[in-house]
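Chain and residue survey
Chain residues, written in single-letter form:
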Amino acid sequence: MKKRIFLLFFILVIPSVFCQTEKMNLKTPPYLAKGDTIAIVAPAGILKNRKHVIDKAKELAESWGLKVVYGEHMFNQNHHFAGTDEERCEDFQKALDNPNIKAIWSARGGYGSVRILDRLDFTKFLERPKWIIGYSDITAFHNHIHNLGVETLHAMMGTSMQDQVTDIEHTITTFKKALFGEGLSYKIPSSKYNRKGNVQGELVGGNIAILASMLGSNSQISTKGKILFIEEIGEYKYSIDRMLQSLKRAGYFNGVKGIVVGDMTKIKKNTTPWGSSIEQLVLDVVPEDIPVLFDFPAGHEPDNRALIMGRGVILDINETTSNVIFK
């Protein structure tokens, strides 16, 4: 009798739990309004000689009617990092816990977010969700917080203001739209490498190296039934292939609805040529029936359009133009 009950539980209950996880509707943090306060913190790389750039980011947010506070230890230096793990964690934790702070904006990426991820307590954050903003190394937060059931914002960081404002016009305007709750939709020219299709699903993903580093941890995301976004910078093609093969072997592309490929920036040249384009490298990994959109303007180029991670999107890939429309 006990075996029958266990078997029924396994057949009826366990699958429903996994289905709920795959179809989980994430919480949307409150959109910002004039007078709200955001915190700029540095959870990862060092900000040596960049205070003037971060000050420009502060001025930008203030021009939108927002108040800005800095993490206490943000400009500290501890070898590769913006302060010790303890200091970076303390700044982030204070921003998470403070109910007056409505968004946490990463000063930069680099590397280091994963070192503080498990030190953080998200209890108060989950009681009052707020926008976590950044890209690249901040993918660690996007993935971890996705599994906690909250949307995040893949968008420009403080150091993005090192570029001329005219060069990052779309980066800034889409970031502001997302932050203040305006609709996001993108129409871009279609690449000859695209695989056409029309699919819908939650948008997940981020930097390939960070996605691979999350494998086997409680920050690894499920991509089943979702749209996967990927981007990378400063790697050899064989290194990108190795990471994508690792993701493939871990089941990352099993059941995925579609792929959005952002910037593949500053690809290094090896002494032994890889032998194919970066686009073909990606296509060789992704199952043939999965639609793939290349050249989406998000990642490490000046044109870095905002993406709401965990939000449902319509991915429509056509012959001449393609669309990414947030629901």
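The name given to the chain in an unreviewed UniProt entry is Muramoyltetrapeptide carboxypeptidase, and the organism recorded there is Tenacibaculum polynesiense.

Next up on the list: the overall build of the chain. Counting its secondary structure elements, the chain contains ten helices and 13 strands. Relative to the 2.2 N^0.38 estimate, which gives 20 Å for 327 residues, the radius of gyration of the chain is 20 Å and therefore close to what a compact globule would have. Projecting the C-alpha coordinates of the chain onto the three principal axes gives extents of approximately 60 × 55 × 40 Å. A burial count over the chain gives 53% of its 327 residues as buried. Within the chain, contacts between residues at least 6 apart in sequence are counted, and of these 79% link residues at least 24 apart. Distance between charge centres in the chain, computed from 40 positive and 36 negative side chains, equals 5 Å.

Considering only enclosed or pocket space, the largest pocket measures out at about 540 Å³ in volume. Surrounding the largest pocket, 26 residues form its lining, Tyr 135, Ser 136, Met 157, Ile 233 and His 300 being those nearest its centre. A class-by-class count of the residues in the lining of the largest pocket yields seven nonpolar, eleven polar and eight charged.

Between helix 9 (residues 237–249) and helix 10 (residues 278–285), the shortest axis-to-axis distance is 10 Å and the interhelical angle comes to 20°. One element, helix 9, and the other, helix 10, form an angle in the roughly parallel class. Crossing of helix 9 over helix 10 shows right-handed handedness. Together, Lys 237, Ile 240, Asp 241, Leu 244, Gln 245 and Lys 248 of helix 9 and Ile 278, Leu 281, Val 282, Asp 284 and Val 285 of helix 10 make up the contact between the two elements.

Attention shifts here to the sheet that holds strand 1 (residues 37–41). Here six strands make up an open sheet; going across it, the order is 2-1-3-4-5-11 and the pairing mixed. Of all strands in the sheet, those bounded by a partner on one side alone are strand 2 (67–70) and strand 11 (307–309). Taken pair by pair, the neighbouring strands of this sheet meet at an average axis angle of 25°, ignoring direction. As paired elements, strand 4 (residues 131–134) and strand 5 (residues 152–154) share two bridges and run parallel to each other. Paired with Gly 134 across the strands is His 154, a residue of strand 5.

As a further point, take helix 3 (residues 85–97). The end-to-end C-alpha separation of helix 3 is 18 Å, in line with the 18 Å expected for 13 residues at 1.5 Å each. Restricting attention to buried positions, one finds in helix 3 the residues Asp 85, Arg 88, Cys 89, Asp 91, Phe 92, Gln 93, Ala 95 and Leu 96. If you follow the buried residues of helix 3, they end up packed against strand 1, strand 3 (101–106), helix 4 (113–117), helix 5 (123–127), strand 4 and helix 6 (139–148).

This paragraph deals with the environment of Gln 77. By secondary structure assignment, the location of Gln 77 is in the loop between strand 2 and helix 3. A relative accessible area of 51% means that Gln 77 is categorised as exposed. For the pair Gln 77 and Tyr 236, spaced 159 residues apart in sequence, the C-alpha separation works out to 29 Å. Setting aside residues no more than four positions away along its own chain, Gln 77 makes contact with Ile 46, Lys 48 and Gly 83.

This part takes up the packing of aromatic side chains. This structure, assessed with the given rule, holds eleven aromatic pairs. Between Trp 105 and Phe 175, the aromatic rings sit 5.1 Å apart at their centres with planes inclined by 40°, giving tilted as the arrangement. Of the two residues, Trp 105 is situated in strand 3 and Phe 175 in helix 7 (residues 169–180); the sequence distance between them amounts to 70 residues. For the residue pair Trp 105 and Phe 175, the accessibility class agrees, reading buried in each case.

Along the polypeptide, Lys 226 turns up in the loop between helix 8 (208–213) and strand 8 (227–233). In this structure Lys 226 comes out as buried when scored by relative accessible area, which is 2%. At 3.1 Å, the side chain of Lys 226 and the side chain of His 146 are in polar contact.

The rules behind each value
Residues numbered from 1 in each chain as written. Predicted model: local features only at pLDDT ≥ 70, side-chain atom pairs only at ≥ 80, totals over all residues. Heavy atoms only, no water. Helix = DSSP H or I, 4+ residues; strand = E, 2+ residues; numbered from the N terminus. Rg over C-alpha atoms; globule rule 2.2 N^0.38 Å. Buried < 20%, exposed > 50% of the residue type's maximum accessible area, 1.4 Å probe, protein only. Contact = heavy atoms within 4.5 Å. Lys, Arg positive; Asp, Glu negative; His and termini not counted. Charge placed at Lys NZ, Arg CZ, Asp CG, Glu CD. 1 Å grid on protein atoms, 1.4 Å probe; cavity = no way out; pocket = protein on both sides within 12 Å on 5 of 7 lines; lining within 4 Å. Points joined across faces, edges and corners; volume = space filled by probe spheres on them. Nonpolar A, V, L, I, M, F, W, Y, C, P; charged D, E, K, R; others polar. Axes fitted to C-alpha atoms, helices over the stretch in contact; angles between N-to-C directions. Parallel < 35°, antiparallel > 145°, perpendicular 65-115°, else oblique. Left-handed = near helix turned anticlockwise from the far one by under 90°. Pairing = 2+ DSSP bridges. Expected span 1.5 Å × (residues − 1). Phe/Tyr/Trp six-rings, centres within 6.5 Å; stacked < 30°, edge-to-face > 60°. Polar contact = N/O pair within 3.5 Å; in protein donor to acceptor, adjacent residues only side chain to side chain.

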